[in-house]
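Chain and residue survey
This is what each chain is made of:
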Amino acid sequence: MPRRKQTEAKIHGYPHADIRHEVLLQILSKLPIKTLMKFRCVCKLWSESIVNDPRFIEAHFLESQKNPILMFKYLPKELDHMERPYSFLREKEEYRTNHLFYLEKDEFVNGTGKVLHNVLNLIASQNSSPRRLIGYCNGLVCFMVGVPYSSGCWSYFVVEIFNFSKLEKLRIVSRIPTPPFTSVGDCRFGYDVLAKEYKLMCILLYIDDEDEVYNKYIILTIGGSGTQSWRKIKHPMTMKGHPRSPGRCIDGALFWVRYDTDECKKVLISFDLHDEKFQVINLPTAGMYFPEYDHQLEYKRCFCYASVKKPDTRSGAVELHILKDRIQQVWETKIITFDLPDTVRNPPAAPCYDFKGLTFSLSEEGITSIRIVEFDGRIYLYWRNMENEKGSHIIQFYDLESKKLTEVEGPTGGKCGKDYHVANHVENLVSLKAWTTHEGDGGGVLLGRNFDTGTSKKIEDMFKQMPASTTDGEMVSYFSSLSFSGKNKDVLLVI
């Protein structure tokens, strides 16, 4: 290495002057975030690259997608009495007291991770307000906090975005102009892969003179180069009814299922986050019953609906309907048969369908029906089996491709209930701090289940002090680091 380059490297505190910086960043991009946080202490150049270099952050995220984390979410015991067990995306699910656990990819695939790692109770440590999951994208989890409320010609609501990889939270407080008989219905969260921007969609519900419910849509670009304010969608589309299921963001588009009241059937809605265009997509099979919440997957960067058909105790088939081309509405159907091995002591039941949607068997041992999850490009069946001698239940996974059965030991005792769900998770180094508009953590502007006059007035007064706006709504955002408790705190850096 030339002497001049060596001198410059020493000035910047670079410990490996004989290795090109680009090569080192390529090596570092393959490491988990927990390790990278420790390596920030090596030198200033490393720290700046890991935290602030957008090229490194993007390269690390691409590597993280190759090593996803399997996330387990449990609801508390006090909800065990519910007639219909909640799922990971159930509409009314509350995240005040949920418990999170995880397994890394190598532990799960190689069968070395028999016991779940505790992620502790990050969300519950913040406050007691209920949270409803409205979106998950690129390792960022988005919740609606409390319940939107109206005052005069305005509606107010709070959304929070969590990045568990960096222990960060962004709180977005919004004010939307709402004419009479209009209210905030729901939100969607996704990522524009072309512009490399995150967007938040708000769905407004309007009731006409004939008591028909119509939807209006506005959108917010989070952390974009322009003014951060709500605006009308470029290519709006009028739809009737309530948005019946949460949205999924896949390859730059949002997908959700809704009921077409005019055609009397369920349809799939897609929304291109870059062009901001809606599309109504017919379901793959005429008259097919399409569950609203469960088994809507991302499979090899495509939207996929998966159903289980189980003719007898141990054998059955999984039917995958894969949307290969959403513009041309091209669906591909793939059927995978299976025969559960004899090591499955209590063969699970197939999910059943009723007028409420998809339901699961709930016994004294917990939920025993088969569920489906996509992990690292593979489709797994999973179910809860009987408890072991430790009092911990066993979750069994069956790989439809390799026909391999894997057992994972769930949490023992504590406050975890019998309802659980499994999901994919990837690490992301993106910082939410760059998206903030105001200083502080916004602790005084959080909406609870029952709005007290003091909290509501704080929010209204905050917006009254802002300059008059001609936009379709205003927002303020606050950043804070997540608080947590527990002896083994560094384990949180893994997710």
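The text that follows walks through the structure, step by step, so that each part is easy to find. (Residues numbered from 1 in each chain as written. Predicted model: local features only at pLDDT ≥ 70, side-chain atom pairs only at ≥ 80, totals over all residues. Heavy atoms only, no water.)

1. Focus on the pattern of salt bridges
Heads up, the rule is: We define a salt bridge as a side-chain nitrogen of Lys or Arg found within 4 Å of a carboxyl oxygen belonging to Asp or Glu. Labels follow the DSSP assignment, with helices taken as runs of H or I lasting at least four residues and strands as runs of E lasting at least two, numbered in each case from the N terminus. Using a 1.4 Å probe on the protein chains alone, a residue whose accessible area is under 20% of its type maximum counts as buried, one over 50% counts as exposed, and one in between counts as partly exposed.
Per the stated rule, a full pass over the model turns up 15 salt bridges. A salt bridge links Asp53 to Arg55; the nearest nitrogen and oxygen atoms lie 3.7 Å apart. Of the charged contacts in the structure, one is a salt bridge between Lys199 and Glu276, with a shortest N-O distance of 3.0 Å. Residue Lys199 is found in strand β9 (residues 197-207), and its partner Glu276 is found in the loop between β15 (265-272) and β16 (277-281); the two are separated by 77 residues along the sequence. For the pair shown, Lys199 and Glu276 are each scored as buried. Each of the salt bridges in this network shares a partner with another, and the network as a whole consists of Asp192, Lys199, Arg231 and Glu276.

2. Quick look at helix α5 (residues 54-64)
Under the convention used in this document: The directions considered for the arc are those from the helix axis to the C-beta atoms. A 3.5 Å cut-off defines polar contacts: any pair of N or O atoms within that distance qualifies, except that in protein one atom must be a possible hydrogen donor and the other a possible acceptor, and neighbouring residues in sequence count only when both atoms are side-chain atoms.
Of the positions making up α5, those classed as buried are Phe56, Ile57, His60, Phe61, Glu63 and Ser64. Down the axis of α5, the sector holding all buried residues measures 160°, keeping them to one side. Opposite the buried face of α5, by more than 90 degrees, sit the exposed residues Pro54 and Arg55. Of the residues flanking the start of α5, the one acting as N-cap is Asp53, its side-chain oxygen 3.0 Å from the backbone nitrogen of Arg55.

3. Regarding the packing of helix α2 (residues 21-28) against helix α4 (residues 44-52)
Rules: Axis angles are defined between N-to-C directions and span 0 to 180 degrees, where every axis is a line fitted to C-alpha atoms and, for a helix, only to the segment in contact. Throughout this description, any angle smaller than 35 degrees is read as roughly parallel, any larger than 145 degrees as roughly antiparallel, any in the 65 to 115 degree range as roughly perpendicular, and the remainder as oblique. For any pair of crossing helices, the crossing counts as left-handed if the nearer helix is rotated counterclockwise from the farther one by less than a right angle, and right-handed if it is rotated clockwise. In what follows, residue pairs with any heavy atoms lying within 4.5 Å of each other are defined as contacts. Just so you know the grouping, Ala, Val, Leu, Ile, Met, Phe, Trp, Tyr, Cys and Pro go in nonpolar, Asp, Glu, Lys and Arg go in charged, and all remaining residues, Gly too, go in polar.
Running from N to C, α2 and α4 cross one another at 55°; their axes reach a closest spacing of 12 Å. When the axis of α2 is compared with that of α4, the two are oblique. Here the hand of the crossing between α2 and α4 comes out right-handed. Contacts from His21, Leu24, Leu25 and Leu28 of α2 reach α4 at Leu45, Trp46 and Ser49. Residues belonging to the contact of α2 with α4 are distributed by class as follows: five nonpolar, two polar and no charged.

4. Looking at the packing of α4 against α5
Between two packed helices, what matters for the description is the angle formed by their axes and the separation of those axes. Across the interface, α4 lies against α5 with an axial gap of 6 Å and an inter-helix angle of 65°. Comparing the axis directions of α4 and α5 gives the class roughly perpendicular. In this structure, α4 uses Ser49, Ile50, Val51 and Asn52 to contact α5, whose residues at the interface are Pro54, Phe56 and Ile57. Counted by class, the contact of α4 with α5 contains five nonpolar, two polar and no charged residues.

5. So, the sheet that holds strand β18 (residues 302-309)
Operational definition: For two strands to pair, DSSP has to find at least two bridges joining them.
Taken together, four strands build an open sheet; the order of strands is β17-β18-β19-β20 and the sheet is antiparallel. Because the sheet does not close on itself, it has two edges, and the strands there are β17 (296-299) and β20 (330-339). Within this sheet the neighbouring strands show an average axis-to-axis angle of 30°, counted without direction. Relative to strand β19 (residues 315-325), β18 runs antiparallel, the two being bridged by six bridges.

6. Quick word on the sheet that holds strand β6 (residues 154-163)
Strands belonging to one sheet form pairs held by backbone hydrogen bonds; the direction of such a pair is parallel or antiparallel. Pairing is antiparallel across the open sheet formed by five strands, whose spatial order is β4-β5-β6-β7-β30. Of all strands in the sheet, those bounded by a partner on one side alone are β4 (131-137) and β30 (474-481). Averaged over all adjacent pairs, the angle separating strand axes in this sheet is 25°, with direction ignored. In this structure, strand β7 (residues 168-177) lies alongside β30, joined through eight bridges in antiparallel fashion.

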